[in-house]
Amino acid sequence: MQDLRCPNPQHNRKKYVSLKLNDDADKRLFCFQCLQEVDLANSVLQQSDKYCDLDEVLDNNHYQVYNWPVDKVGAEIKEQILKFKTPEQQKKEVEEFFQQTKLKIIEQLDAIKQMIIDSITANAAKPEEKKDQQEPKDAKDAGKDKKETKKDDKKETKKDDKNQPPKKDDKKDPPKKDEKKDPPKQEDKEPEKPDLNPTFENVKKLYDSVYDLNKIKQIIKENSKVDPKILSEKLGDYLNDPKRKQFYSYLKDIFGKFKKDEPTASALPTSKELIQPFLKGIEDQIQTWPQYFGKVQWTFQPSQAHTSKQVIIDDRAFQGAGQNIQVIYSKEVFERGDHGCIILFDEYDNKRVQQNGNFIIGAVKDDNRDKDNYSQDIYRCLFNEKVSSGLVARAGSDFNNILKLTPKILLLKINVENDVLEVSDGKRQVVYGLEKDAKLKGNKWRFYIQWVHSADKFRILHSY
């Protein structure tokens, strides 16, 4: 960090913070008070009055400093260099984009496939069979754990045997030789005869030569203790050096020719814009696949106790109406075995405010299904973590992450006999699970959903 101080006695030796790198500047170093005086003297600063942050100049390269280059041509060339993509770079970006998209689609397909398989397995298997299958697995896992611990012990003993440091540590001559070679590699020397063929490589080489900040940094560091006027003069001498001016002229000339001959923007953004709607259509289709491969064995119906005004599109799709509280529960009663469903959100309002933004999912006792108050049952709000009873967020899950993910799918699962109630996201990650003290066994239960926003539209794709 630089410690250059303003010598003006009225400025209390404040640190210089800004640097003016115009070719024809009378004063180049400014503290905060100097800048305030400039603002007072000039109510409207001239377009050419551009200041660079002094610490930025000293700590960064010529592509990372705001307001550098000062001139319009240099600023335009810098922007074009940063945007420019060679054909090889464009190919690489396109390949990476499609590779990521392919992985994303495969991930969705695998998740949907496993959802359907899990539900079919749960429908077909008996609870007694599941218990029998778990025991040998546990035994195998225990055996695996023993093998892994033995392997870890062997690794540790091998590491201990190799802990003695090698004796030939004193030979550090190669690094010293490399350090000596570093100074000659400075890029301060411009080529005597630059290649003026208007290619991107030549434009960049000339730009790096003209606007490189290394020489400016060197001048500032070497003259940090002299009179600021002398430092400003030396900076001005460098900025107005005839050789630098000549190279600037070369740069301006070949850049003008390059703009006419070569496109400077990557083709990928345009490709993305064209491809994204197509990919979005694929994702939306994948999300609906459970309804083709699965089967809706039961659906939801409105609670008789609430003045709900659901817009029921059909017996599988539901949408709110106005700001009315909507409550629906499963037509099926659950007492034993595995049951569940897959719900897809076609639309939902993510601009939610406190209790008015609630979207609650839970289980209601069969005797309470048409009563006004579900507060003694089990529920969880997807958007307000304080609205909860009996369901807790699993470690590492965000309480409202379900609707942030694609696909916009919820999985509900219940097993009354084993006290299991789970809400999972579209990647089959369990987000909410039953509290330890909460119990289902001994009662009959139904899934229920309560919401307010009319923008919330969802449908049941599969149930078992």
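These lines cover the structure that appears in this document, whether it is placed above or below. Everything quoted here is computed from the prediction, not taken from an experiment.

Each helix and strand counted, the protein chain has 12 helices and 17 strands in total. Counting contacts in the protein chain only where the partners sit at least 6 residues apart, residues at least 24 apart contribute 70% of the total. A total accessible area of about 28,800 Å² is found for the protein chain, and carbon and sulfur atoms account for 48% of it.

This paragraph deals with helix α8 (residues 214–222). Among the residues of α8, those classed as buried are I216, K217, I219 and I220. Buried positions in α8, seen along its axis, are confined to an arc of 160° and lie on one side of it. More than 90 degrees from the buried face of α8, the exposed residues found are K221 and E222.

Contact geometry of α8 with helix α9 (residues 228–239) gives a least axis separation of 10 Å together with a crossing angle of 160°. Classified by the angle between their axes, α8 and α9 sit roughly antiparallel to one another. For the pair α8 and α9, the sense of crossing is right-handed. Across the interface between the two elements, K215, I216, I219 and I220 of α8 pack against L231, K234, L235, Y238 and L239 of α9. For the contact of α8 with α9, the per-class residue count stands at seven nonpolar, no polar and two charged.

A full pass over the atoms with the stated rule returns seven salt bridges. K259 is the salt-bridge partner of E76, the closest N and O atoms lying 2.9 Å from each other. One end of the pair, E76, is in helix α3 (residues 72–83); the other, K259, is in helix α10 (residues 242–261), and 183 residues separate them in sequence. The residue D366 makes a salt bridge to R369 at a minimum N-O spacing of 3.1 Å. For D366, a relative accessible area of 14% corresponds to the buried category. Here R369 falls in the partly exposed class, since its relative accessible area comes to 26%. One connected set of salt bridges, linked through shared partners, spans D366, R369, D370 and R446.

With that settled, the discussion passes to the pairing of strand β13 (residues 409–415). Counting buried positions along β13 yields six of seven residues, so the element is predominantly enclosed. Pairing analysis gives five bridges linking β13 to strand β14 (residues 420–424), with the strands arranged antiparallel. The partner of N415 across the bridge, within β14, is V420. Hairpin remark: β13 followed by β14, antiparallel, with four residues in the connecting loop; positive phi at D419, about 55°.

Another aspect to go through is the nonpolar core. Inside soluble globular proteins, nonpolar side chains tend to come together where they are buried. If you look at the biggest cluster of nonpolar residues, it comprises 43 residues, and the most contacted ones within it are L19, L21, L54, W68, I216, I220 and L251. Apart from the residues within four sequence positions on either side, L19 is in contact with R28, L29, K50, Y51, C52, L54, V57, I216, I220 and L235. In terms of nonpolar packing, the next biggest core, distinct from the first, is built from 41 residues, F300, V416, Y432 and F458 among them.

Right, let's get into the packing of aromatic side chains. Each aromatic ring pair is described using two quantities: the centre-to-centre distance and the angle formed by the ring planes. Within this structure, the stated rule accounts for 20 aromatic pairs. Ring centres of W68 and Y211 lie 5.7 Å apart, and the angle between their planes is 75°; on these two criteria the pair is classed as edge-to-face. In this pair, W68 sits in the loop between α2 (54–59) and α3 while Y211 sits in helix α7 (residues 200–211), placing the two residues 143 residues apart along the sequence. A single burial state applies to W68 and to Y211, both of which are buried. Members of the aromatic cluster, joined through ring pairs, are W298, F300, F318, F334, F345, F359, F447, W451 and F458.

In this structure, P69 follows W68 across a cis peptide bond, with omega equal to 0°. Within the fold, P69 resides in the loop between α2 and α3. Here N12, not a glycine, exhibits a phi torsion of approximately 55°, which is positive. Note on placement: N12 falls in the segment before β1 (16–20).

What counts as what
Residues numbered from 1 in each chain as written. Predicted model: local features only at pLDDT ≥ 70, side-chain atom pairs only at ≥ 80, totals over all residues. Heavy atoms only, no water. Helix = DSSP H or I, 4+ residues; strand = E, 2+ residues; numbered from the N terminus. Contact = heavy atoms within 4.5 Å. Areas by Shrake-Rupley, 256 points an atom, 1.4 Å probe, with all protein chains shown as cover. Buried < 20%, exposed > 50% of the residue type's maximum accessible area, 1.4 Å probe, protein only. Arc of directions from axis to C-beta. Axes fitted to C-alpha atoms, helices over the stretch in contact; angles between N-to-C directions. Parallel < 35°, antiparallel > 145°, perpendicular 65-115°, else oblique. Left-handed = near helix turned anticlockwise from the far one by under 90°. Nonpolar A, V, L, I, M, F, W, Y, C, P; charged D, E, K, R; others polar. Salt bridge = Lys/Arg side-chain N within 4 Å of Asp/Glu carboxyl O. Pairing = 2+ DSSP bridges. Core = buried A, V, L, I, M, F, W, Y, C linked by side-chain atoms within 4.5 Å. Phe/Tyr/Trp six-rings, centres within 6.5 Å; stacked < 30°, edge-to-face > 60°.

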